[in-house]
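Spelled out, the chains give:
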Amino acid sequence: MEDAVAFHKTLPGCDPTPLVDLGMMPDIGRVFLKDEGQRLGLKAFKGLGGTYAVHKLEEQGALQPGDTLTTMTDGNHGVGVAYAAKQRGYNAVIYIPRQMKKDRRDRITGLGGKLVEVPGDYDQAILAAKAAAEQPGWHLVADSSWEGYTEIPTNITTAYSTLFYEAIEEMHTAHNTAPTHIFLQAGVGSFAAGGITYALSALKPAPHFVCVEPVDAACFLENIQDGTDGKNACRGATESVMAGLNCGVPAITAWPLLRDCCCGFVVLGDGWPIAAVRELYKEGVVAGESGCAGYAALVAARQDDTTQKGAAPRRTGCYSRYQHGGATDAVFTTRY
């Protein structure tokens with residue numbers, strides 16, 4: 001983790017992002033939000049993972065000039081890989097699900113990435129990217145993982161420790177406090193796994209972790225409820241407005257951490273993040289629906305007795321939650 005933090009400090013434009021103090025929430029405590037919307041000019045934290053994964057591949061001598069980096073994305077991870085490819089002089093080919101919005105597509109092509117749309121959802125894009133990566137000179141840089149493919153996703157998960165390092169350090173030095181609860185959005189779970197791993201190493205006692213998913217893509221909660229090994233696909237259509245979380249199967253590297261370390265799992269209908277986008281905007285924070293999912297879950301936990309029982313014990317002091325990124329889906333953020 002220290003290697004990733006040190007590496008990101010060398011990247012131009014990778015300055016620490018704001019930690020927003022949202023003040024006291026009644027019956028909850030003090031709430032902090034890590035605003036990743038300003039990271040590397042990408043409106044998302046995923047540039048941390050893309051740049052570090054490519055850095056590790058270069059350290060290993062695995063990349064040659066003119067090689068192609070490929071991955072699948074619902075938006076932000078593809079931006080991170082396209083950004084890293086552009087910075088280091090590689091090609092980027094990104095496989096996307098058919099429902100991905102134009103604004104998200106434009107952000108990838110604006111970085112020089114080539115898009116290939118698949119006739120299906122995110123999990124179909126995984127299959128297409130895996131097949132494409134078999135070509136000579138192509139390299140799969142995915143943030144999900146499966147049997148036989150774990151090294152690069154693990155590096156990407158490790159890269160996310162940078163934003164948690166920044167947030168926890170600032171909470172300590174500027175506010176003389178530490179998080180007791182951390183709300184973590186989960187798609188395939190790499191972001192959440194990175195947060196859990198870093199927080200466990202940095203904080204004693206360990207905070208409580210809460211996993212947040214769309215009800216339409218609740219692959220962690222459903223696997224927990226069904227008592228599976230984490231390899232079952234969710235039953236939803238994976239078409240939530242929280243597009244960055246529309247993933248059907250947990251990453252195998254993330255599954256054990258979230259299964260064993262999260263004290264609660266919250267699933268949200270689309271109304272919660274839509275309302276949270278508006279609420280955070282009033283606080284001066286521009287967030288997309290995926291980005292504000294953790295905050296939306298905290299609000300839901302406070303208002304819904306059934307959610308409070310499993311996810312957010314009341315009157316427990318200071319809460320910390322982390323925002324995935326800025327407003328990446330202009331259609332939704334300008335509409336509401």
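Owing to the predicted nature of the structure, the values given are computational and were not obtained by experimental measurement.

The next point concerns the packing of aromatic side chains. Overall, the coordinates contain eight aromatic pairs when judged by the stated rule. With 4.8 Å between their ring centres and 50° between their planes, F45 and F191 make a pair best called tilted. Placement of the pair is F45 in the loop between strand 2 (29–34) and helix 2 (47–59) and F191 in helix 8 (residues 190–202), with a sequence separation of 146 residues. Of the two residues, F45 and F191, both sit in the buried class. Here the aromatic rings of W146 and Y149 are separated by 4.8 Å at their centres, their planes lie at 20°, and the arrangement is stacked. Both residues of the pair, W146 and Y149, count as buried. Taken together, the ring pairs connect F45, Y160, F164 and F191 into an aromatic cluster. Sitting over the ring of W146, K130 keeps its end group 4.5 Å from the ring centre.

Let's shift gears to the pairing of strand 1 (residues 19–25). As judged from the six bridges shared by strand 1 and strand 2, these two strands associate in the antiparallel manner. By the bridge assignment, D21 is partnered in strand 2 with F32. From the end of strand 1 to the start of strand 2, which pair antiparallel, there are three residues, and D27 there has a positive phi angle of about 70°.

With respect to the helices, strands and loops of the structure, P250 is situated in the loop between helix 9 (219–226) and helix 10 (255–261). P250 sits 221 residues away from G29 along the chain, and the two C-alpha atoms are 31 Å apart. P250 has contacts with S145, V188, C219, F220, N223, G230, N232 and W255, leaving out every residue within four places of it along the chain.

With that out of the way, let us pick up the side chain of T70. Along the polypeptide, T70 turns up in strand 3 (residues 68–72). What makes T70 buried here is its relative accessible area of 0%. Within polar-contact distance, the side chain of T70 engages the backbone oxygen of V93 at 2.7 Å.

This next bit is on the nonpolar core. Membership of the largest hydrophobic core comes to 75 residues, with the highest contact counts inside it found for L69, M72, Y95, V141, L184, F220 and L258. Residues in contact with V141, not counting those within four places in the same chain, are A53, L57, L69, T70, T71, H77, V81, Y149, I152 and I156. Within the second largest apolar cluster, 28 residues are counted, among which are V31, V266, Y295 and A296.

Further remarks concern the environment of Y90. Mapped onto the secondary structure, Y90 falls in the loop between helix 3 (76–88) and strand 4 (91–97). Judged by relative accessible area, Y90 falls into the buried class, the value being 13%. A sequence separation of 180 residues divides Y90 from D270, and the C-alpha atoms of the two residues are 37 Å apart. Those residues in contact with Y90 that lie beyond four places of it in its chain are V54, E58, L63, Q64, D67, L69 and A85. Of the polar contacts made by the side chain of Y90, one reaches the side chain of E58; its length is 2.7 Å.

Moving on, we come to the packing of helix 1 (residues 2–9) against helix 7 (residues 161–175). One way to put it is that helix 1 packs onto helix 7 with a least axis distance of 8 Å and a crossing angle of 85°. Of the possible angle classes, the one that applies to helix 1 and helix 7 is roughly perpendicular. Listed contacts from helix 7 to A4, V5, H8 and K9 of helix 1 are S161, T162 and Y165. Along the lines of polarity and charge, the residues of the contact of helix 1 with helix 7 split into three nonpolar, three polar and one charged.

Before going further, it helps to spend a moment on the sheet that holds strand 4. Across the sheet, which stays open at both edges, the four strands sit in the order 5-4-3-6 with parallel pairing between neighbours. Of all the strands in the sheet, the pair left with one neighbour each is strand 5 (114–118) and strand 6 (138–140). Taken over all neighbouring pairs, the strand axes of this sheet differ in orientation by 25° on average, direction set aside. Looking at chain direction, strand 4 and strand 5 are connected through five bridges and run parallel. By the bridge assignment, I94 is partnered in strand 5 with L115. Running over the sheet, helix 4 (residues 102–109) touches strand 4 and strand 5 and is turned about 145° from strand 5.

Here is what the cut-offs are and how they apply
Residues numbered from 1 in each chain as written. Predicted model: local features only at pLDDT ≥ 70, side-chain atom pairs only at ≥ 80, totals over all residues. Heavy atoms only, no water. Phe/Tyr/Trp six-rings, centres within 6.5 Å; stacked < 30°, edge-to-face > 60°. Helix = DSSP H or I, 4+ residues; strand = E, 2+ residues; numbered from the N terminus. Buried < 20%, exposed > 50% of the residue type's maximum accessible area, 1.4 Å probe, protein only. Lys NZ or Arg CZ within 6 Å of the ring centre and 35° of its normal. Pairing = 2+ DSSP bridges. Contact = heavy atoms within 4.5 Å. Polar contact = N/O pair within 3.5 Å; in protein donor to acceptor, adjacent residues only side chain to side chain. Core = buried A, V, L, I, M, F, W, Y, C linked by side-chain atoms within 4.5 Å. Axes fitted to C-alpha atoms, helices over the stretch in contact; angles between N-to-C directions. Parallel < 35°, antiparallel > 145°, perpendicular 65-115°, else oblique. Nonpolar A, V, L, I, M, F, W, Y, C, P; charged D, E, K, R; others polar.

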